[in-house]
Amino acid sequence: MNASVLTQPRSSIAALRFTAPTVDAVMAEERATSFTKRSIKTSAKLAGLKMAVSMMDLTTLEGKDTPGKVAYLCRKALQPAEPKYNVPSCAAVCVYPNMVKYARKFLGDNSTVQVASVATGFPSGQFPLRTKLEEVRRAAGDGADEIDMVIDRGDFLAGHHAKVFDEIAGTKQACGTAHLKVILETGELVTYDNVRLASEIAMQAGADYIKTSTGKVSPAATMPVTLVMLEAIRDYFFATGVRIGMKPAGGIRTAKQALAYLVMVKETLGDDWLTPDLFRFGASTLVNDVLMQIAKTVDGNYQAADYFSMP
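Residues numbered from 1 in each chain as written. Predicted model: local features only at pLDDT ≥ 70, side-chain atom pairs only at ≥ 80, totals over all residues. Heavy atoms only, no water.

Student: Would you mind going over unusual backbone geometry with me for this structure?
Tutor: For residues besides glycine, phi is generally negative; the peptide bonds are generally trans as well. A cis geometry characterises the amide bond from Phe122 onward to Pro123, with omega recorded as 0°. With an omega dihedral of 0°, the bond running from Ser218 to Pro219 counts as a cis peptide bond. Inspection of the secondary structure assignment puts Pro219 in the loop between β6 (209-211) and α11 (223-240). Although it is not a glycine, Thr120 adopts a positive phi angle of roughly 60°. Within the fold, Thr120 resides in the loop between β3 (114-119) and α7 (129-141). Residue Val190 is not a glycine yet carries a positive backbone phi of 75°. Residue Val190 is classed as exposed on the basis of its relative accessible area, which comes to 71%. (Helix = DSSP H or I, 4+ residues; strand = E, 2+ residues; numbered from the N terminus. Buried < 20%, exposed > 50% of the residue type's maximum accessible area, 1.4 Å probe, protein only.)

Student: I tried to follow the sheet that holds strand β1 (residues 57-59) on my own but got confused; where do I start?
Tutor: Strand order in the open sheet formed by seven strands is β1-β2-β3-β4-β5-β6-β7, and the pairing between neighbours is parallel. In this open sheet, the two edge strands, each paired with only one partner strand, are β1 and β7 (245-247). Neighbour-to-neighbour, the strand axes of the sheet open up by a mean angle of 25°, direction not taken into account. Bridge analysis of β1 against strand β2 (residues 92-95) gives three bridges, and the strand direction is parallel. Along β2, the bridge assignment pairs Thr59 with Cys94. In the packing of helix α6 (residues 100-107) onto the sheet, contacts are made with β2 and β3, and the angle to β3 comes to roughly 175°. (Pairing = 2+ DSSP bridges. Axes fitted to C-alpha atoms, helices over the stretch in contact; angles between N-to-C directions. Contact = heavy atoms within 4.5 Å.)

See the structure below:
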């Protein structure tokens with residue numbers, strides 16, 4: 001890490017401990033539940049489902065990943081369904097750093113589908129800082145458009161907030177031109193207040209997106225946790241004029257859930273955030289359920305699940 005990043009004063013971080021608002025857990029959970037009860041009619045539903053596809057990061061993060069599997073995922077992201085359904089491409093494919101070069105080669109340099117890569121010791125975050133930053137530089141150098149870093153939850157929970165801030169700031173610097181998504185792993189942060197504080201730290205440190213989860217820990221994304229993060233983004237925008245993106249990841253499996261998340265984004269942040277540039281779904285198992293609902297809306301009947309290729 002650049003020495004200046006470590007030596008700059010962090011008075012704002014000391015203040016965060018006192019200025020991050022306390023979350024009303026009951027209200028957050030009740031409001032999040034209310035978004036699941038909205039009725040969305042046919043034309044709006046179809047538009048919402050296609051929008052959800054355009055916001056998806058298709059992901060493969062397994063030890064058995066191969067260049068061929070990555071190429072298959074890229075193909076799915078480029079054309080999720082038959083042309084007759086007029087479904088947009090997905091937002092990105094997300095892979096391990098050593099698979100970035102294969103995704104970049106398949107998609108080319110001018111694809112609308114971004115290449116994202118997890119880094120910084122994913123999913124634990126328990127790697128030496130030098131190793132984390134080298135992994136980020138390598139992924140960015142191989143052509144990653146986006147880096148999904150994971151914070152060290154041990155440091156955060158131990159109260160080492162300035163250290164967490166500095167690692168995020170150093171990672172942002174190592175990204176170069178790549179966008180940075182900061183994964184909080186909210187399932188391990190225990191409380192909504194911790195989620196709110198971690199969101200504040202990440203945004204102050206330079207995150208382009210804040211992201212709920214790695215998908216490797218349960219619970220992953222939930223609507224109340226996502227609402228807390230969306231409200232942090234809203235307040236940060238009011239204070240700075242800077243728009244930060246949001247990515248709930250893990251645990252979102254149905255089209256109905258996806259639409260409820262979009263309603264929550266619209267009513268919390270407004271229409272400006274209803275774009276892949278500012279909102280993503282990290283849920284590969286979600287895509288086929290959404291595609292099945294699109295086919296049902298267009299054709300009047302469901303296609304079999306095996307009609308759609310696996311993500």
